[in-house]
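Chain by chain, the residues:
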Amino acid sequence: MSVNSAALLLEGDAREVLHGLSTRPKKLPVRLFYDAAGSALFEQITELPEYYVTSTEQGIFERHALAMVAAAGGASTIVELGAGTAKKTMLVLRASLDLHRRHNNGSRHDVTFIPVDVSSFALGLANDRVRSELPQVAVHPLVMDYTHSFAPLSQLPGAKLILYIGSSIGNFEPMAASALLRRLRSSLNPGDSLLLGVDMRKPVDVLLRAYDDSEGVTARFNLNILTRINREFEADFDLSAFEHCVRWSERHSRIEMHLRSRVAQSVRVAALDLTVDFDEGETIHTENSYKFTPSMLEAVTFNAGFAIEQSWSDERNWFTVTLLRA
Ligand code: AVJ
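Keep in mind that what you see is a predicted model, and the values were worked out from it rather than measured.

Trainee: Would you mind going over the site of the ligand with me for this structure?
Mentor: Neighbouring the ligand are 13 residues; Tyr51, Gly166, Tyr211, Glu287 and Ser289 lie closest to it. Tyr51 places a polar side-chain atom, nitrogen or oxygen, 2.5 Å from an oxygen atom of the ligand. Glu287 places a polar side-chain atom, nitrogen or oxygen, 2.6 Å from a nitrogen atom of the ligand. Look at the ligand: alone it shows 350 Å² of surface, and the protein chains cover 97% of it. Mapped by element, the contributors of at least two residues to the shell around the ligand are helix H2 (36-46), helix H9 (217-232) and strand S12 (283-290). Split into classes, the residues belonging to the shell around the ligand amount to 7 nonpolar, 5 polar and 1 charged.

Now the structure itself:
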């Protein structure tokens, strides 16, 4: 393996891709999934019958969104981290408008929505969706990697409700999840609150099917990261020489996605001046998706300095939306 001696001069994605493909086990950062093609594939995943995550959380919002925004104190600014195309969020925005109408007889733009995402493509869709379905809501999309800084949030006027839903927090190892939530908490003001959506543990066969669907959409989503590296880093990954691979780790209580090399091979990544050697069967670890027990959820939020105010779940307890106070 040859490594570019100018590695220290590389920034952001380049640096992480170089490091991830040079280390063992090989790994890639999850945010690389979400280019335009990847965001569209993720949208398709959320509609798969096997992917219970989105429909289960949607059901919780359908039943409880009004109770949630009321419990959050009727904040008029709603910020969504990792908003994607903000489909489920419509229920929260509608509930928030309802609540405000009851209290202020509907002045214009009394709810502001700030979707935050790394994908400007997804944010464009979120923006269009809210403007066409809920013109009463003022939308201000923010392209930002919230894992780096929450600073812009502390600037916002008025009480905020932060939405961090869809099990996005599940991508982080528990210590990193607490650290992230702790940094988020420090940019909140007294009275602000956080709605956190977490995926719970459930029978392993249900989990495996959700991440290895029969139509192969999740496989395409996983492999798309290689297409992106081919395009952005002038690499020559042969997609047919890799396969989507899903594992359950009982020890970590997480689903893992990997890309397994079907053969021994070398891949050239020209823009990084890097040649990556693969053994037959060697994998690139592309994603972790943690599945929580109630005590894991308590520990992760407690370690971040949050108090659990109230939680809502579905009948099977497959998913939990929890309201946290700074
Ligand atoms: C967007 C991180 C919540 O972990 O379930 C879906 C991403 N990966 N199928 C998840 C994902 C494969 C998803 N999150």
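Additional details are given in the paragraphs that follow.
Trainee: In this structure, what is going on with helix H1 (residues 12-22)? I would like to understand it.
Mentor: Owing to its 3.6 residues per turn, the α-helix aligns residues three or four sequence positions apart on the same side. Considered for burial, the residues of H1 that qualify are Ala14, Val17, Leu18, Gly20 and Leu21. Contact partners of the buried residues in H1: strand S1 (26-27), H9, strand S10 (265-269), strand S11 (274-278) and S12.

Trainee: How should the side chain of Lys88 be read in this particular structure?
Mentor: In this fold, Lys88 is placed in the loop between strand S2 (77-81) and helix H4 (89-104). With near-sequence residues (within four places) excluded, Lys88 lies in contact with Thr54, Glu57, Gln58, Phe61, Ile165 and Gly166.

Trainee: Explain the sheet that holds S12 to me, please; I cannot follow it from the model alone.
Mentor: In sheet architecture, strand pairing relies on hydrogen bonds along the backbone and comes in two forms, parallel and antiparallel. Ordered by their spatial adjacency, 4 strands build an open sheet running S1-S12-S9-S8, and the pairing between neighbours is mixed. Either end of the sheet is taken by a strand with one partner, and the two such strands are S1 and strand S8 (242-249). When S8 meets strand S9 (residues 254-261), the two strands line up antiparallel, connected through 8 bridges. By the bridge assignment, Phe242 is partnered in S9 with Ser261.

Thresholds applied
Residues numbered from 1 in each chain as written. Predicted model: local features only at pLDDT ≥ 70, side-chain atom pairs only at ≥ 80, totals over all residues. Heavy atoms only, no water. Near = heavy atom within 4 Å. Polar contact = N/O pair within 3.5 Å; in protein donor to acceptor, adjacent residues only side chain to side chain. Areas by Shrake-Rupley, 256 points an atom, 1.4 Å probe, with all protein chains shown as cover. Helix = DSSP H or I, 4+ residues; strand = E, 2+ residues; numbered from the N terminus. Nonpolar A, V, L, I, M, F, W, Y, C, P; charged D, E, K, R; others polar. Buried < 20%, exposed > 50% of the residue type's maximum accessible area, 1.4 Å probe, protein only. Contact = heavy atoms within 4.5 Å. Pairing = 2+ DSSP bridges.

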